[in-house]
Amino acid sequence: MKSSPCMPNMMSENLTEHEGLDQQKPAERDVTVSFGIPSYNAAKDLDRCVASILDGADGAQDIEVIIVDDGSQDETPALADSWAARHPDIVRVVHQENGGHGMAVLAGLREARGTYYKVVDSDDWLNAEALASMLKALRSFIATGERVDLFISNYVYEKVHEGTHTTIGYKSALPQNRVFGWEEVGRFLPSQNLIMHSLCYRTDVLRRAPLPMPAHTFYVDNIYAYVPLPRCLTMYYADIDLYRYYIGREGQSVNETTMIGRLDQQFRITRIMMDAYRLYEDISEPHLRRYMMGYFTMMMAICSVFTKLSDDPEKPRQLRRLWADLKEHDPAMYRRARYGVVGLGTNLPTRLGERATIGLYHLAGKIVKFN
């Protein structure tokens, strides 16, 4: 679910509330992984998404699919109920008033009974062979009692209308096919940030502390992929192209024009990530701190670049305020975000510098194909 109605609202979901749920949980059984599917007006794509999970699971009864109908106005509620009727032991549906992507993610998490939890947006899908491989690994962790807090896999940008795809993998940064900690993690390229699509958390990791996901706000996936990381002590990376990320649709939240129009929301998410940690006080593990600093620097760079792309005269003032607040919040974070290579390159002075920044951004987009 990459789009839904947006209204400013900073209230976070309480994971203990059950308002908006209209189905009872089935009898308890062992569930390896719960797949949460945030769905808003997803009638065109939902069948492909759900079918891809069921195909990959190949009839296994140790998974569950939780479709969260986030106040859809199309046929999504009926389609979701149809899947639950056909697969009552596997598929459940949550119907709730529209709250945006973050509230739908949290609703699925609240209801999840799996040892692991993975979000699959309704317009995306999973590769069946790769999913079978992931399930085999997760079952092995559970059977042997080996605690793995985070399972990481590749994702693929699928530009269906162009017939192209770009795979983002982590072989250069992460050990493969074994359990490891942050001390063994290498350096990530700017294109290699761990995002929601590459992550499958242990459910108890996500529930250990609230996720500060604001309602009616886009780009909350950055919070999901950033805030829980210090709780992940053990990880496992499989070099499998699991997640197929549909990208390029007009009006999609990562579309450039759309991102310019929603820059206030990008500022909001970046502030939440800033407030979550003083990285150079709160994070003692140097490899984790370095990775999180790189991710946060990317968020500040996005704010800087899209301020230059925006015609709104208020945006430069808002950006200056964000940088000033970061400097006050954590001077070390500020120095590294502002005066590192990325910070300098996305905040070049003068009109010529602005044009150079925008040119570099568009070049990066062509190379990585992120929108």
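Before reading on, note that the structure itself is shown above.
Cut-offs applied
- Position labels on residues start from 1 in each chain and follow its written sequence.
- The model is predicted, so local features are restricted to residues of pLDDT at least 70 and side-chain atom pairs to those at 80 or more, both for listing and for counting; the totals for chains, interfaces and linings are taken over all residues.
- The basis for every side-chain value is the complete set of non-hydrogen atoms in the structure, without hydrogens or water.
- For our purposes a nonpolar core is just a set of buried Ala, Val, Leu, Ile, Met, Phe, Trp, Tyr and Cys residues, chained together by side-chain atoms within 4.5 Å.
- Relative accessibility decides the category of a residue: with a 1.4 Å probe and only protein chains considered, values under 20% of the type maximum give buried, values over 50% give exposed, and everything between is partly exposed.
- Each helix is a run of DSSP H or I of at least 4 residues and each strand a run of E of at least 2, with the numbering of both proceeding from the N terminus.
- Note on contacts: a residue pair qualifies if any of its non-hydrogen atoms lie within 4.5 Å across the two residues.
- The rule for a salt bridge is simple: a side-chain nitrogen of Lys or Arg has to be within 4 Å of a carboxyl oxygen of Asp or Glu.

> Teacher, can you tell me more about the nonpolar core here?
For soluble globular proteins, the rule of thumb is that nonpolar side chains tend to be buried together. Judged by nonpolar contacts, the single largest core of 116 residues is most densely connected at Ile63, Phe151 and Tyr224. Here this core takes 12 residues from helix α10 (residues 286-309), the largest share from any one element.

> Any chance you could explain the environment of Met134 here in plain terms?
For Met134, the location among the structural elements is in helix α4 (residues 128-144). Separated by 104 residues in sequence, Met134 and Ala238 have C-alpha atoms that sit 7.7 Å apart. Apart from the residues within four sequence positions on either side, Met134 is in contact with Phe35, Lys118, Phe151, Cys200, Ile240 and Leu242.

> Quick question: what am I supposed to make of the environment of Lys159 here?
Its place among the elements puts Lys159 in strand β6 (residues 150-159). Considering only alpha carbons, one finds Lys159 and Arg244, 85 residues apart in sequence, at a separation of 9.9 Å.

> How should the pattern of salt bridges be read in this particular structure?
Once their charged atoms are close, side chains differing in charge can pair, the charge on each being opposite to the other. Scanning the entire structure with this criterion turns up 16 salt bridges. Of the charged contacts in the structure, one is a salt bridge between Asp45 and Arg48, with a shortest N-O distance of 3.7 Å. Take Asp45: its relative accessible area is 12%, and that puts it in the buried class. Between Arg92 and Glu64 there is a salt bridge whose closest N-O contact spans 2.8 Å. Here Arg92, found in strand β3 (residues 91-96), pairs with Glu64, found in strand β2 (residues 63-70); they are 28 residues apart in sequence, far enough to count as distant. For Arg92, a relative accessible area of 7% gives the class buried. Connected through shared salt-bridge partners, Glu64, Arg92, Glu111 and Arg113 make up one network.

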